[in-house]
Amino acid sequence: MANDTPAPGESADTTLRLGHGLAFDDLYSRVGAEKIDRLFQDHLAAVDKDLGARMSAGRENPDDLEPGDESALLLAIAPHVDDFIGALFGITAEVQSHAAEHHALAPVFACRRLFVQRVALKKIKPLDAAALDGTALTSAITSLLDGAFNENTYAESVLKWMDDEENHTAELETAAQYAAWRVHMDAHSHPGSVLFREPARIDPYDLVPNLVDFTTHGVDMKVMDPEHLRHRPGFKLTDEGTDLAGCLSEAHYCIFCHNQGKDSCATGLRDKKSNAFRQTAFGVDMAGCPLEEKISEMHVAKTDGNFVGALAMAVVDNPMVAGTGHRICNDCMKSCIYQKQEPVNIPMGETRTLRDVLGLPWGFEIYSLLTRWNPLNIHRPVPKADSGYKALVVGLGPAGFTLAHHLMNDGHTVAAIDGAKIEPLDSRYSGVTPTGMRVAFQPVYDIDELMEDLDDRVMAGFGGVAEYGITVRWDKNYLKIIRLLLERRSEFAMFGGTRFGGALAEDSAYAMGFDHIALCAGAGKPTVLKIPNGLAPGVRQASDFLMALQLTGAAKPDSIANLQVRLPVVVIGGGLTAIDTATESLAYYGVQIEKFLSRYETLVSENGDESVRSRWTVAEAEVADEFLAHGRAIRDERATATGEDRDPDIQSLLDGWGGVTVAYRRRMIDAPSYTLNHEEITKAMEEGIRFAELLSPSAIDVDDAGFAAAVQMDKQAVDSDGKLSSTGETMALPARTVLVAAGTQPNTVLARERGGIYRLDGKYFHAIDEDGNAVSPEATTKPETPHVLASLNTEGVDVSFFGDLHPSFKGNVVSAMASAKQGYPVISRTLARRKPSPVSTRQLFDHLQHSLRASVHEVIRLTPEIVEVIVHAPRAARTFQPGQFYRLQNFEALADRVDGTTLAMEGLAMTGAWVDREQGLVSVIALEMGGSSDLCAHFKPGDPVVLMGPTGTPTEIHGGETVVLVG
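Every chain's residues receive numbers from 1 upward, in the order its sequence appears when written. Per-residue local features of the predicted model are confined to residues with pLDDT of at least 70, and side-chain atom pairs are confined, for both listing and counting, to 80 or more; whole-chain, interface and lining totals are unaffected and use all residues. No hydrogens and no water enter the side-chain calculation; it runs on all heavy atoms of the structure.

Colleague: Even after reading the chapter, I still don't get the overall build of the chain, so can you show me in this structure?
Modeller: Secondary structure is summarised from DSSP: a helix means a run of H or I of at least four residues, a strand means a run of E of at least two, and numbering begins at the N terminus for each. A tally of regular secondary structure across the chain gives 32 helices and 32 strands. The atom set for the radius of gyration is the C-alpha atoms, and the globule formula is 2.2 Å times the number of residues raised to the power 0.38. In terms of C-alpha radius of gyration, the chain reaches 30 Å, essentially the compact-globule figure of 30 Å for 967 residues. Over its C-alpha atoms, taken along the principal directions, the chain stretches across nearly 100 × 70 × 65 Å. The contact definition used throughout considers only heavy atoms, calling two residues in contact when any of these lie within 4.5 Å. Residue pairs in contact within the chain that sit at least 24 positions apart in sequence constitute 73% of those at least 6 positions apart. For the chain, the centre of its 89 positive side-chain charges and the centre of its 133 negative side-chain charges are spaced 4 Å apart. Only four residue types enter the charge count: Lys and Arg as positive, Asp and Glu as negative, with His and the chain ends excluded. In this description, the location of a charge corresponds to atom NZ of lysine, CZ of arginine, CG of aspartate or CD of glutamate.

So, in structure tokens, the structure goes:
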């Protein structure tokens, strides 16, 4: 049933009316998925009986299909996915209209291939193009096109002239000259052109363009040419990706290698003799997409205008496609068949393919449905029946949320916990209230209902490193989309603020009714530099800075989060975390000082300058005056720029105050950020950071107050073999803030705290095969056999490990997701060997809901500066031991707003005054530290809060007996 197109001035009908008599609930149940699948099979049989029979045969024996035959089958089915989805959601007209936009661009890419590249650029070389008169050519070609010049009209006209070349020789000559001039001489004036484009040759040792040398304080650095700097608007999204034309440009650039079985972007580039993966110039395996997504097939469907089918093609192997793509991954690009020229920008095209579907009416519901029912997934088109097994997923980062999806589609129940505070979403969309109760959710008509400005969104906590470790170069609204894919499912529940090994561990998980524990806890403690004053005030771990910035909302004007950064900033390290930390600290500084100035002026207007300053120490007053002076300078520059009708030059001010420098012990080309994803360095340099090479920190200089003032650096030299040695030269790089990004270790704290089944093999968990034998996993994202088990326990729960905890899948978002894709069948096979727990899903979820969710029981003001908060948190109460502490935090989404300030508190460590195990009550004391007691005074009985813990070392007395204090 198609939606009627609204008349001018009328609003669209946003009532979901599914075809075939289906109800909205059918989209979210296994029974409904089976109904939809039968309807699709009937549709296919009605329009193409032979194709329907081929699909049925393929489903019966999917492993018997050769890769090429499977690709051909899926591409034949893809157009019917578009037709079926259009009819199912009543949006046939919208689907056809968007497909027409794809087809309308086809002449542009035909002209690019047949004329611009094969005729014009072969005929007219760069030196010849330099002699052409671009102004005259522009006038001539415009005249030939009757004044209606654009890339579409040019392409259509040229193709017509080529069909009658004999009578249009002059026109084609002019068109060729114009094309050669545009490509060779004027490309910088039209950077978004998809027609006048020639792939550039690449030099692996010169991948970051437009860098110039810069020297300050005797230190040589690399910076971006000022003409190529771009203004960053705080913490808004910095990269919108591409439009449809840009996406199709990349898809048409692809040569569809799957036809020859050489789709290296997905399967990797292999050496013809050894069959081992080839390596980049920097020794990185060209293993292709860790998920082995059907990239080439996706491009074929996209260029054919079957854009819903193109997304379905990607979702077969990458159902969490919202978490990959543009600005996230590039393993596929490094293995593209084009090795001597620019590769196909697959991630950018992939994300645009998703956005094109999300942009449809009910686009989110379409994507959501395709993650559960996908006719192109011949191995598992619909979720399996309920198995009765229940898995606990520890960590909701990329490995955790992907694993949760696959386990549910394999028939299992999943409960997930995460140590981060996970903010509640609007229950109209999530189907879960802030207290964890299930309610009906509503369909999403327009994806904009879910999208927020990144500088204004609540830092929701879901997504692990994708939330706190990835900058606003990536649209974090996709995390909300992924979360809703999981949270709406009845067989899923999640609980934030819960540390595995604290309130919940393997013994209690088994007692609750879990059959398996999957550890997806990501990276752990950072590497700390053991140098003099390495822990001085002003020195901070980069991962700690990013988490504090992203999870507390510090960059928001209405936030009172305590995160101080002073310029100059020096970031030590060369990985992607170092690059991210540099860009975010530079962006944060301006936001921080403007917010400080605004709040200071408000307080002074209400209480007077003397009162405001009365409690500051000398050192605090110095920092405050520095912030005030810088804040006023930025405000004045904004006012001047407005009066002069230009963009404010904030970057020059930041540079004048010292800026942000990445200092790495080797060369830029040796840095992991360069060898793994050089585009991130390019984008960061465009934002104004500096890069200093061959510097190794030896000490932190401090000022009279003990705060960081400079970093002492040992100058390094590198020989022809790439070996480092000290030159003996030392230099001091001024730094009021030092952020250390020297790497992290896997989060294997369980092995140290609990031992037993948690054994280590080097720095990773010890792995066993499915028979319990010790094994050593391969150090590749495409092992012959994925070994993800850590323990098989006939009298407890089995344990597996994924993502950064695993030597095969460490390092990035997509590798972590690949660990889930490859590992979930192992879990299903081990579960099948035992009977499921007799505890039902409902019983398990009810128990978790009661025991893990914390709420305020009572708030008692003990003194003007001390508040006692009594929290109902049964698991936290029952596992507390003296000497341990809790972390208390409220939810930003539920916090009070007072005079433009959100009273959201950071996670504050608090000692338990007493616990009542029987009643499940915990008493914590909030002191006047950063206003924490005032914030806690705003709590009301029944308010949901996060009480993470207990954690820390218990106090043992009386010969080792642990005394538990009970009120």
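Colleague: How do you make sense of a positive patch on the surface when you look at a structure like this?
Modeller: A cluster of like positive charges, contributed by Arg-113, Arg-118, Lys-122 and Lys-125, occupies part of the molecular surface. Take Lys-125: its relative accessible area is 43%, and that puts it in the partly exposed class. In this analysis, a patch consists of residues with relative accessible area above 30% that form no salt bridge, clustered at 9 Å for like charges and at 5 Å for the nonpolar side chains Val, Leu, Ile, Met, Phe, Trp and Tyr. Here the accessible surface of atoms and residues is derived via Shrake-Rupley with a 1.4 Å probe, and residues count as covered only by protein chains that are part of the display. What makes a salt bridge here is a side-chain nitrogen of Lys or Arg within 4 Å of a carboxyl oxygen of Asp or Glu, nothing more. Only protein chains enter the area calculation, which uses a 1.4 Å probe; residues under 20% of their type maximum are buried, those over 50% are exposed, and those in between are partly exposed.

Colleague: Just to check I follow, could you spell out the packing of aromatic side chains for this structure?
Modeller: Both the distance between ring centres and the angle between the ring planes are used here to describe each pair of aromatic rings. Note on aromatic contacts: the rings of Phe and Tyr and the six-membered ring of Trp form a pair at centre separations within 6.5 Å, being stacked when their planes are under 30 degrees apart, edge-to-face when over 60 apart, and tilted otherwise. Under the defined criterion, the tally for this structure stands at 25 aromatic pairs. When the centroid spacing of 5.8 Å and the interplanar angle of 20° are considered together, the rings of Phe-401 and Phe-462 count as stacked. Placement of the pair is Phe-401 in helix 17 (residues 398-409) and Phe-462 in the loop between helix 18 (427-430) and helix 19 (465-468), with a sequence separation of 61 residues. Here the two residues Phe-401 and Phe-462 agree in accessibility, since each one is buried. Between the aromatic rings of Tyr-589 and Phe-627, the centroid separation amounts to 6.0 Å while the plane-to-plane angle is 80°, which identifies the pairing as edge-to-face. On the criterion of sequence distance, the pair formed by Tyr-589 in helix 23 (residues 576-607) and Phe-627 in helix 25 (residues 618-643) is long-range, its members being 38 residues apart.

Colleague: Help me understand the sheet that holds strand 14 (residues 724-734), please; the structure alone is not making it clear to me.
Modeller: For sheets, the rule is that strands pair by backbone hydrogen bonds, running either parallel or antiparallel. By this definition, two strands are paired if DSSP reports at least two bridges between them. Judged by pairing direction, the sheet is antiparallel, and its three strands sit side by side in the order 12-13-14 without closing on themselves. A strand with exactly one partner marks an edge of an open sheet, and here the two such strands are strand 12 (695-702) and strand 14. On average, adjacent strands in this sheet sit at an angle of 20° to one another, irrespective of strand direction. Sheet analysis places strand 13 (residues 708-718) next to strand 14, joined by eight bridges and oriented antiparallel. Looking at the pairing, Met-713 lines up with Met-731 of strand 14. Simply put, an axis is a line fit to the C-alpha atoms, just over the touching stretch for a helix, and the angle between two N-to-C directions goes from 0 to 180 degrees.

Colleague: Would you mind showing me how to read helix 7 (residues 134-144) here?
Modeller: Helical geometry note: an α-helix holds 3.6 residues per turn, so side chains three or four residues apart project in the same direction. Of all the residues in helix 7, the buried ones are Gly-134, Leu-137 and Ile-141. Taken down its axis, helix 7 places every buried residue within 60° of arc, on the same side. In helix 7, the exposed positions that point more than 90 degrees away from the buried face belong to Thr-135 and Ser-143. Packed against the buried residues of helix 7 are helix 8 (151-163) and helix 9 (169-185). The opening residue of helix 7 is Asp-133, an N-cap whose side-chain oxygen sits 3.1 Å from the backbone nitrogen of Thr-135. Asp-146 lies just past helix 7 and shows a positive phi near 55°. This arc is built from the directions going out from the helix axis to the C-beta atoms. Side-chain atoms alone can form a polar contact between residues adjacent in sequence; in general such a contact is a pair of N or O atoms within 3.5 Å, and within protein one must be able to donate a hydrogen while the other accepts it.

Colleague: Please clarify how helix 20 (residues 477-487) should be interpreted in this entry.
Modeller: Across the eleven residues of helix 20, eleven count as buried, placing the element largely inside the fold. Every buried residue of helix 20 is accounted for by Asn-477, Tyr-478, Leu-479, Lys-480, Ile-481, Ile-482, Arg-483, Leu-484, Leu-485, Leu-486 and Glu-487. Buried residues along helix 20 sit against helix 15 (346-358), helix 16 (363-370), helix 17, helix 18, helix 19 and strand 5 (492-495).

Colleague: Would you mind going over the pairing of strand 4 (residues 413-417) with me for this structure?
Modeller: Each regular strand displays side chains that alternate between the two surfaces of the sheet. In terms of residue burial, strand 4 counts as a mostly covered element, since five of its five residues are buried. A two-sided burial pattern is seen for strand 4, the buried positions comprising Thr-413, Ala-415 and Ile-417 on one face and Val-414 and Ala-416 on the other. In this sheet, strand 4 lies alongside strand 3 (residues 390-394) in parallel orientation, the contact comprising five bridges. Bridge pairing in strand 4 places Val-394 opposite Ile-417. Note on the crossover from strand 3 through helix 17 to strand 4: the handedness is right-handed. Judged from the four bridges that link them, strand 4 and strand 5 form a sheet pairing that is parallel. Each residue of the ladder has a partner; that of Ala-416, found in strand 5, is Met-494. With the strands pointing away from the viewer, any crossover whose connection runs clockwise from the first strand over the helix to the second is right-handed.

Colleague: What is the right way to look at unusual backbone geometry in this model?
Modeller: Residues other than glycine predominantly adopt negative phi, and peptide bonds predominantly adopt the trans conformation. Omega for the peptide link from Leu-567 to Pro-568 comes to 0°, which places this bond in the cis form. Topologically, Pro-568 is positioned in the loop between helix 22 (542-552) and strand 9 (569-572). With an omega dihedral of 5°, the bond running from Gly-949 to Pro-950 counts as a cis peptide bond. Even without a glycine there, the phi angle at Asp-146 is positive, about 55°. Following the sequence through the fold, Asp-146 ends up in the loop between helix 7 and helix 8.

Colleague: It is not clear to me how the packing of helix 12 (residues 295-303) against helix 13 (residues 307-317) should be interpreted in this structure. Could you clarify?
Modeller: Contact geometry of helix 12 with helix 13 gives a least axis separation of 7 Å together with a crossing angle of 170°. Judged by the angle between their axes, helix 12 and helix 13 are roughly antiparallel. Residues Glu-297, Met-298, Ala-301 and Lys-302 of helix 12 pack against Phe-307, Gly-309, Ala-310, Met-313 and Ala-314 of helix 13. Each residue is assigned to one class: nonpolar for Ala, Val, Leu, Ile, Met, Phe, Trp, Tyr, Cys and Pro, charged for Asp, Glu, Lys and Arg, and polar for all the others, Gly among them. Here the contact of helix 12 with helix 13 is built from residues that sort into six nonpolar, one polar and two charged. Note that the term roughly parallel is reserved for angles under 35 degrees, roughly antiparallel for angles over 145, roughly perpendicular for angles of 65 to 115, and oblique for everything else.

Colleague: Looking at this structure, how should I read the side chain of Asn-306?
Modeller: Examined against the element boundaries, Asn-306 turns out to sit in the loop between helix 12 and helix 13. Those residues in contact with Asn-306 that sit more than four places away from it in its chain are Ala-78, Pro-79, Asp-82 and Ala-301.

Colleague: Would you take a moment to explain the nonpolar core for this structure?
Modeller: Here is a general trend for soluble globular proteins: nonpolar side chains tend to be buried in one another's company. Ranked by size, the top nonpolar core spans 116 residues in total, and within it Phe-89, Phe-364, Tyr-367, Trp-373 and Leu-403 carry the most contacts. In terms of residue count, the dominant contributor to this core is helix 29 (residues 813-831) (ten residues). Grouped together as the second largest cluster of nonpolar side chains are 44 residues, Met-224, Leu-563, Val-569 and Leu-586 included. Throughout, nonpolar core names a set of buried Ala, Val, Leu, Ile, Met, Phe, Trp, Tyr and Cys residues whose side chains join them through atoms within 4.5 Å.

Colleague: I'm lost on the pattern of salt bridges in this one. Help?
Modeller: A pair can form between side chains of opposite charge whenever their charged atoms are brought close. Applying the stated criterion to the full structure yields 54 salt bridges. For Arg-473, the salt bridge is made with Glu-680, and the minimal N-O distance between the two is 2.8 Å. Here Glu-680 lies in helix 27 (residues 672-686) and Arg-473 lies in the loop between helix 19 and helix 20, a separation of 207 residues in the sequence. As far as the burial class goes, Arg-473 and Glu-680 line up, both buried. Asp-544 serves as the salt-bridge partner of Arg-540, at 2.6 Å between the closest nitrogen and oxygen. Looking at Arg-540, the relative accessible area reads 26%, which means it is partly exposed.

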